[in-house]
Amino acid sequence: MEKIKLLMIALIIGFSSTSWAQIDVSGVVTDNQNIPIPGVNVVIKGTSTGSATDFDGKYEIKANVGDVLVFSYLGYQTLELAYSGGATLDAKLNEDAAQLDEVVVIGYGSVKKSDLTGSVVQISSKQIEQANKVDAVSALQGQSAGVVIQRTDNKPGGGGFNIRIRGASTINSNDANGFNPGQNPLFIVDGIFVDDISFLNPADISSMNVLKDASATAIYGSRGSNGVVLIETKRGKSGKTKVDYSNYVGFKQAYHLPSVFNAAEYVKFVKDAAVGGQFVSGNTSYRASDVDVTDGIFDAEEQQNIAEGIDTDWIDLMLKNGFQTNHTLGLSGGNDTTTYSAGLAYTEDEGTAEGEDYTRYNIRGSLSSDLNDWLNISVSNYVTSVVQNQGSYEGFRSAYRLKPIGRPYNDDGSLRFFPTNKETQITNPLFEAGGEIRETKFLQYIGDIAIEVKPIEALTITSKFSPNLKYTRFGEYRSLYTKSVSGNASNRRAQVNNSNYFSYAWDNIFNYKFNKGDHALDVTAVISRFLERSEGYYNQVRNFTTDEFTFYNLDAGLDIRDVSSDFSKQTLESYTSRINYTLMDKYLFTVTGRYDGASILAKDNKWAFFPSAAFAWKIIDEGFMQNQQTFSNAKLRLSYGETGNNGTGGGLYPLGSQSLLGASATNLGDQAVSTTYVTGIANKDLTWERTTEINLGLDFGFMNNKINGSIDIYNRDIDGIIFERQLPTLTGLNRLGVFENIGSSNNKGIEIALNTINVDNGNFKWTTNFNFASNKNELKKLANGNIDIPFNVGGTSLIHRVGEPIGAIYDYEFAGIWQLDEEAEAASYGQIPGQVKVTDVTNDGQITSADRKIIGQVTPKWTGGFTSTMNYKNFDFSFMINTSQGAKMRSNFHANYAWGWQEQPQRTFNGYNVDYWTPENQSNDWNQPGNPGPFGHAIQYKDISFTKVGFITLGYKLPSTILEKLKISNLRIYATVQNPFVFTDYDGWDPENAGRNQWGAAYMSRTLMTGINLSF
């Protein structure tokens, strides 16, 4: 009996030990295309036991029969699989179409996308890499509704941009190349305030989060009126060390070039211009057949060139294919307590003209370590070194102005300085390529060090110090044989500008999270300090005896023209709090308040409070939605918020609110005496620009979120707009301005985002992303009794008028060309056939200033973007389109290059090859050459609407069977064309920067490239 008992006990123990023994389970996690997914979390449900897939998608874990393994990864639907035994358990994850659990950065924290209460858009690293741009701003273009990005310069390196989020939130503009009301948003990179993001390598960015409505931007208080763009660079993740390498190489070519006359067309054009001159003098019976070109029109040399068939295409001589490449190497990894990341990048971008190039080096590194359960220390560093050569500012426009009947070379093959003996204004642009140097070098460092303490489980305290240092040197030299020097040695010019910039943000963040039952509370409090200081030094010297020194030996110049310097400093102190409360995971409440104090404003107006509140209702989680089959997501959002502009966006510089003195000198007798003079007038009442915004939004999804998106409607009021107003003459200080809060304006609009999965059958998947935004801007009040403020920028006549958009175009309206059969009517207006006709608004039989009217706006009425991505097995194909509609501008091309000389016959430049008016060809497209009339500029206002294809890409990923043999986790090769097409009625160079001065501009270009993405 005892033996039987012992046997039974042994069997029980053996059975128990068998049932308790954990089994080593391994497997591979893949996506719908059977591509391994690295970094997937694998957890045994209900326990803390977990693992993660390596970069081959493989995992290992110990499990018992009956355990449920949970597989989760950002952007994919969570999968639960019951373990029934065996050594292998593979898993396939489906993409989460709506990505509702995606983490979105919102400022001093982050939330799940499904818990957002404000209007925030995230652009992922996948979208950024798909765009494949040289600069980060270009990667953002066309990706988000309500974010309008206008390229103002096509120079290599990305050029300049205007970025407007939900219209103009101030009356002023920070665009030096034309006029575009409003200011760029606040950029924050890893918690660091920066003025622009051109120094970033797009491949280093993990996400870009655009905060649009005031409830989202109120967390940044006085700096949030123009929207906020939060950028996170790539950081380390726990797991096996991962190495990523990507590169592309290609070339760029200029396109969409306006046609100018060839030699034969130019000769005819000059004759027609001579006819136009006769029309002006009253001889309307004169014709081209009457013109004698030997009578002072062409000299003997030019006549000989014409006879010999000289036909020089100056534009073609100046153009070249520009080389472009990028190489990015990244390293990341870590364990449960420490993660790390590092990266190197090299970017080279050449222009389409000699002397234009851009070189950028990026180095980044980050480390985060849990020293124990309650203490984490992290540090990150990002260093950028840039060399940008802008080349000649003259070559671009000289190539369009020069006569085609001139010669670029002498008989001995040397370059000819003036293409003809008669030409005395426009020099041979081939001298410009190496003769005019404009080189900018800068070294920038941003970084942060953060200490995170968890004194109790629910409370996290973080102290983060984030410096930003930038040293910039600009050097310029104009050699003897450039247009600006024109062979006069005393005009040789060297200039060097040095600037040092330093700023820091010191944030102390307190975060408390409470979650019990139906209640969840997330409280954030921030004490922040920001300091910014800059200094600059400027030197210009002329009259060099040689071109050898360029700008490296200023003391070799004999004529000192400018020695100056500047200094500025400002500080901002802030106290911020935000409360996120969730009830039953269906009702979301957010309340934010920020109290800002700025040194930039007058003593009694330095401090202001900026509140916001938002509510969101997850309708989809209500009981009455559980049995319906239509919606897979439905969330309603309502928000209100106030933000500010402390003046920098309104044109106010750090000392602009104070009375200032400048230094000068005068002579008393024979002695020089130092003097001072008033340069600025204080306004002790100057206060913040303040924006108040209401936003109503709906997030929706259908068909299991195969169709999902959002609709937002907003109304934004801006009050206390800062503007520099000229003082009355009677003050004796009428040359000075004073900064004032002059009025208010309004923006209202609608934004739509739509994402669709059109096909997904395993082998083939097709997704699309669409966005649309329409904004209406209106000036509501001017403090001067609503009196109009007319002004002119770059030849465009503009006006600030109550009831109209800020800076509306205010000029005469083009109404065609006066025809021969309208000669009598034209005469009644003091004009003749062939001249530009404008609308008689007052209908009084004469054209006066009273006939000027609002003829358009410089900002688009609506914008949109469309991205399509198709995947077939291992192939992928994608393209992106963005459009801007309803904007108008006085075209700089048409004003200065399409016969800008015509009222000065001695400046017989080449001309735009257009269907112009002649007595034999009575066109309404363009006036008679040499006979524009008093309103010739009216024809130069052009609709600058456009649709651009941002990129077209075809890629191929190597199959996993080959990757396994090569011991790598991913290899994709691709070919892409950037900016391949533009569809527009605008016939100048580039509709995006039609209003800018083309001195120093560059041609619009497309880039053809190939590249690889490699991971192992």
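Reading the values: rules and limits
Residues numbered from 1 in each chain as written. Predicted model: local features only at pLDDT ≥ 70, side-chain atom pairs only at ≥ 80, totals over all residues. Heavy atoms only, no water. Helix = DSSP H or I, 4+ residues; strand = E, 2+ residues; numbered from the N terminus. Rg over C-alpha atoms; globule rule 2.2 N^0.38 Å. Buried < 20%, exposed > 50% of the residue type's maximum accessible area, 1.4 Å probe, protein only. Contact = heavy atoms within 4.5 Å. Areas by Shrake-Rupley, 256 points an atom, 1.4 Å probe, with all protein chains shown as cover. Lys, Arg positive; Asp, Glu negative; His and termini not counted. Charge placed at Lys NZ, Arg CZ, Asp CG, Glu CD. Pairing = 2+ DSSP bridges. Axes fitted to C-alpha atoms, helices over the stretch in contact; angles between N-to-C directions. Arc of directions from axis to C-beta. Polar contact = N/O pair within 3.5 Å; in protein donor to acceptor, adjacent residues only side chain to side chain. Salt bridge = Lys/Arg side-chain N within 4 Å of Asp/Glu carboxyl O. Core = buried A, V, L, I, M, F, W, Y, C linked by side-chain atoms within 4.5 Å. Expected span 1.5 Å × (residues − 1). Patch = residues over 30% accessible without salt bridge, like charges linked within 9 Å, V, L, I, M, F, W, Y side chains within 5 Å. Phe/Tyr/Trp six-rings, centres within 6.5 Å; stacked < 30°, edge-to-face > 60°. Lys NZ or Arg CZ within 6 Å of the ring centre and 35° of its normal.

1. Concerning the overall build of the protein chain
Part 1: Scanning the protein chain from N- to C-terminus turns up 12 helices and 48 strands.
Part 2: In summary, the protein chain has a C-alpha radius of gyration of 33 Å against a globular reference of 31 Å for 1016 residues, a match within 12%.
Part 3: Taken along its principal axes, the extent of the C-alpha atoms in the protein chain is 140 × 65 × 65 Å.
Part 4: Burial status across the protein chain gives 52% buried among its 1016 residues.
Part 5: Restricting the contact set of the protein chain to residue pairs at least 6 apart, pairs at least 24 apart contribute 68%.
Part 6: Accessible surface computed for the protein chain: about 43,900 Å², of which carbon and sulfur atoms make up 54%.
Part 7: The centroid of the 87 positive side-chain charges in the protein chain is displaced by 5 Å from the centroid of its 110 negative side-chain charges.

2. Focus on unusual backbone geometry
Part 1: Here the phi dihedral of Asn543 falls at roughly 65 degrees; this positive angle occurs in a residue that is not glycine.
Part 2: Looking at the secondary structure, you find Asn543 in the loop between strand E25 (519–542) and strand E26 (559–583).
Part 3: The backbone of Met584 shows a phi angle near 60 degrees, a positive value even though the residue is not glycine.
Part 4: The partly exposed category is assigned to Met584, whose relative accessible area is 39%.

3. A short note on the environment of Phe187
Part 1: On the secondary structure map, Phe187 appears in strand E13 (residues 186–189).
Part 2: Once residues within four sequence positions are removed from consideration, Phe187 is found in contact with Ile163, Ile192, Phe193, Val194, Asp195, Asp196, Ile197 and Val229.

4. A look at the environment of Leu329
Part 1: Here Leu329 is to be found in strand E18 (residues 322–334).
Part 2: In this view, Leu329 contacts Val243, Asp244, Tyr245, Ala342, Gly343 and Leu344; residues no more than four positions away in its chain are not counted.

5. Remarks on the sheet that holds E13
Part 1: Read from one edge of the open sheet, five strands run E10-E15-E16-E13-E14, paired in mixed fashion. The sheet terminates laterally at strand E10 (120–124) and strand E14 (192–194), the two strands that pair on one side only. Direction aside, the axes of adjacent strands within the sheet are offset by 25 degrees on average.
Part 2: Pairing analysis gives three bridges linking E13 to E14, with the strands arranged antiparallel.

6. So, helix H6 (residues 300–307)
Part 1: Within the span of H6, buried status applies to Glu301, Glu302 and Asn305. Relative to the axis of H6, the buried residues are bounded by an arc of 95 degrees and lie together on one face. Turned more than 90 degrees away from the buried face of H6, the exposed residues are Ala300 and Ala307.
Part 2: N-cap assignment for H6: the residue whose side-chain oxygen lies 3.2 Å from the backbone N of Glu301 is Asp299.
Part 3: Where H6 ends, the next residue or the one after it, Gly309, has phi of about 80 degrees, a positive value.

7. As for the pairing of E13
Within a regular beta strand, the side chains point alternately toward one face of the sheet and then the other, so they alternate between its two faces.
Part 1: Both faces of E13 are covered, namely the face carrying Leu186 and Ile188 and the face carrying Phe187 and Val189.
Part 2: Sheet analysis places E13 next to strand E16 (residues 228–233), joined by four bridges and oriented parallel. Looking at the pairing, Val189 lines up with Ile231 of E16.
Part 3: From the end of E13 to the start of E14, which pair antiparallel, there are two residues, and Asp190 there has a positive phi angle of about 50 degrees.

8. Digging into the sheet that holds strand E36 (residues 789–793)
Part 1: A sheet is described by the order of its strands in space; here four strands give the open sequence E36-E37-E38-E41, paired in antiparallel fashion. Since the sheet does not close on itself, it has two edges, and those belong to E36 and strand E41 (853–856), each with one partner. Each strand of the sheet is rotated relative to its neighbour by a mean of 50 degrees, with strand direction disregarded.
Part 2: As paired elements, strand E38 (residues 808–811) and E41 share three bridges and run antiparallel to each other. Across the sheet, the residue bridging to Ile809 is Gly856, located in E41.

9. A look at the pattern of salt bridges
Part 1: Scanning the model with the defined rule gives 44 salt bridges in all.
Part 2: Arg529 is paired through a salt bridge with Glu573; the nearest N and O atoms lie 3.5 Å apart. Placement of the pair is Arg529 in strand E25 and Glu573 in strand E26, with a sequence separation of 44 residues.
Part 3: Here Arg529 falls in the partly exposed class, since its relative accessible area comes to 31%.
Part 4: Glu573 gets classed as partly exposed once you look at its relative accessible area, which sits at 26%.
Part 5: For Lys780, the salt bridge goes to Glu778, with nearest N and O atoms at 3.8 Å.
Part 6: Counted as one network, the salt bridges with shared partners bring together Arg166, Lys212, Glu693, Arg716 and Glu751.

10. Examining the nonpolar core
Part 1: Membership of the largest hydrophobic core comes to 56 residues, with the highest contact counts inside it found for Phe893, Trp899 and Tyr1003.
Part 2: The element that contributes the greatest number of residues to this core is helix H5 (residues 263–280), accounting for seven residues.
Part 3: When neighbours within four sequence positions are excluded, Trp899 is seen to be in contact with Phe261, Phe269, Gly911, Tyr912, Val914, Tyr916, Trp926, Asn927, Gln928 and Pro929.

11. Quick look at H5
Part 1: In a regular helix each residue adds 1.5 Å, so 18 residues correspond to 26 Å; H5 covers 26 Å between its end C-alpha atoms and thus fits that length.
Part 2: Buried positions along H5 lie against H6.
Part 3: N-cap assignment for H5: the residue whose side-chain oxygen lies 3.2 Å from the backbone N of Ala264 is Asn262.
Part 4: Positioned one or two residues after H5, Gly282 has a phi angle of 105 degrees, which is positive.

12. Description of the side chain of Gln143
Part 1: Mapped onto the secondary structure, Gln143 falls in the loop between helix H3 (136–140) and strand E11 (147–151).
Part 2: Here Gln143 is in contact with Ile123, Gln127, Ala131, Asn771 and Thr867, once residues within four sequence places are set aside.

13. Here we look at the side chain of Thr325
Part 1: As for its position among the elements, Thr325 is in strand E18.
Part 2: Since its relative accessible area comes to 4%, Thr325 is described here as buried.
Part 3: At 2.8 Å, the side chain of Thr325 and the backbone oxygen of Tyr248 are in polar contact.
Part 4: In this view, Thr325 contacts Tyr248, Val249, Tyr346, Thr347 and Glu348; residues no more than four positions away in its chain are not counted.

14. Looking at a nonpolar patch on the surface
Part 1: Together, Leu367, Leu371, Ile377, Val379, Ile449, Ile451, Phe465 and Trp506 line one region of the surface with nonpolar side chains, adding up to about 670 Å² of accessible area.
Part 2: Relative to the helices and strands, Ile377 is located in strand E21 (residues 375–390).

15. As for the packing of aromatic side chains
Part 1: All told, the structure shown has 41 aromatic pairs when counted by the stated rule.
Part 2: With a centroid separation of 6.3 Å and an interplanar angle of 90 degrees, the aromatic rings of Tyr400 and Phe893 are classed as edge-to-face. You can see Tyr400 sitting in helix H8 (residues 395–401) and its partner Phe893 sitting in helix H11 (residues 892–896), a full 493 residues away along the chain. Residue Tyr400 shares its accessibility class with Phe893, and that shared class is buried.
Part 3: Members of the aromatic cluster, connected to one another through ring pairs, are Phe396, Tyr400, Phe893, Tyr912, Trp989 and Tyr1003.
Part 4: The aromatic ring of Phe530 is capped on one face by Arg223, whose charged end is 4.6 Å from the ring centroid.

16. Examining the environment of Ser366
Part 1: Its location among the elements puts Ser366 in strand E20 (residues 356–372).
Part 2: The class for Ser366 is buried, based on a relative accessible area of 12%.
Part 3: Residues Ser366 and Ile962, spaced 596 residues apart in sequence, show a C-alpha to C-alpha distance of 33 Å.

17. So, a negative patch on the surface
Part 1: On the surface, a cluster of negative charge is made up of Glu265, Asp311, Asp313 and Asp316.
Part 2: Among the secondary structure elements, Asp311 is positioned in the loop between H6 and helix H7 (314–318).

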